[in-house]
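# Topology and contacts: notes
Chain by chain, the residues:
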Amino acid sequence: MPKGKAQGQKGKKITLKIAKNSIRISLDGGLRLDLSKMGITTFPNCILKLADVDELDLSRNRLKKIPSSIQKFQNLRWLDLHSNQLEELPEAIGTLQKLFYLNISNNKLTTKNLPEDLSLLKNLRILNLGLNCLDSIPTTLGALKELKEIGLFDNALTTIPKSVENLPNLKKLNAERNPFPDSKEEVQDDPIKRVETLYLVQEKDLCSSCLEMCQSAKEKMNTLKKKTQIPSRKQSFPLLLTPNSSAKDNQEEWRLK
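Conventions and cut-offs
- Residues numbered from 1 in each chain as written.
- Predicted model: local features only at pLDDT ≥ 70, side-chain atom pairs only at ≥ 80, totals over all residues.
- Heavy atoms only, no water.
- Pairing = 2+ DSSP bridges.
- Helix = DSSP H or I, 4+ residues; strand = E, 2+ residues; numbered from the N terminus.
- Axes fitted to C-alpha atoms, helices over the stretch in contact; angles between N-to-C directions.
- Contact = heavy atoms within 4.5 Å.
- Salt bridge = Lys/Arg side-chain N within 4 Å of Asp/Glu carboxyl O.
- Buried < 20%, exposed > 50% of the residue type's maximum accessible area, 1.4 Å probe, protein only.
- Phe/Tyr/Trp six-rings, centres within 6.5 Å; stacked < 30°, edge-to-face > 60°.

What follows deals with the sheet that holds strand 8 (residues 172-174). Read from one edge to the other, the open sheet built from eight strands follows the order 1-2-3-4-5-6-7-8, with strand pairing classed as mixed. Two strands bound the open sheet, and with one partner strand each, they are strand 1 (23-25) and strand 8. Neighbour to neighbour, the strand axes of the sheet diverge by 10° on average, direction disregarded. As paired strands, strand 5 (residues 101-103) and strand 6 (residues 126-128) are joined by three bridges and run parallel to one another. Within the sheet, the bridge partner assigned to L102 lies in strand 6 and is L127.

Structure (structure tokens):
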């Protein structure tokens, strides 16, 4: 029994044969190495012999560290590391210049341990940093001019740098469930200013003609509001999902469309 427990803590060992059998053809014809949900606790060095793959999926394992040898995957365009136990990333990740998709959500990354060289990924289109322990976002990420989608949800952020908000190609930014300053404080200031020039009276204090005029104006406003009201639509972030709650078994759901 203790032996079985020790094996569970150690995690599954990935051999080169297992890795080769885990290679798939991606939708665009590239090679995809899928080692997700394997119970891996340490980066399998044997896969360095398969460094010519275009996509690498190590998501939903128990990895705590990615080695600098990740730089050997120079053809990598798609890297998924979500739902592990990563506390840091190597600076070498900045050498993956072909990378357009990077998902490192649902880990234990802090702002301090985000590599500066992350800003060197000039071709990055999608970056998911959600569900981590980030208390700020490096302004250097503003150098990722090709970025179209960024996930920052479920962190400890209080602000988002203007350099990130104003990225020229950014179309989707998911920053839900962060402790941003309460906007209600700003709303409260407004009524206080209005009280200086706004006089409130009860209906019983109005003459019949004034009361009729006010009621008529109110009815017109309500009618106009109903005509112009558009049903609210919940904003969708198909590629920036929260892995723990809605991750798909089919990893194609996470791909760029």
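Right, picking up where we left off after that structure.
What follows deals with the environment of I18. Within the secondary structure layout, I18 lies in helix 2 (residues 16-21). Beyond its immediate sequence surroundings of up to four residues, I18 is in contact with K12, K13 and M38.

This brings us to the pattern of salt bridges. A full pass over the atoms with the stated rule returns seven salt bridges. Its salt-bridge partner being E55, residue R32 comes within 3.6 Å of it at the nearest N-O pair. One end of the pair, R32, is in strand 2 (residues 31-34); the other, E55, is in strand 3 (residues 55-57), with 23 residues separating them in the sequence. For the residue pair R32 and E55, the accessibility class agrees, reading buried in each case. R177 is the salt-bridge partner of E176, the closest N and O atoms lying 3.1 Å from each other. Each member of the salt-bridge network shares a partner with another, and the members are R32, D34, E55 and D57.

Take the packing of aromatic side chains next. Under the counting rule described, the total for this entry stands at one aromatic pair. Where W78 meets Y101, the ring centres are 5.1 Å apart and the plane angle is 15°; that geometry is what we call stacked. One end of the pair, W78, is in strand 4 (residues 78-80); the other, Y101, is in strand 5, and 23 residues separate them in sequence. Of the two residues, W78 and Y101, both sit in the buried class.

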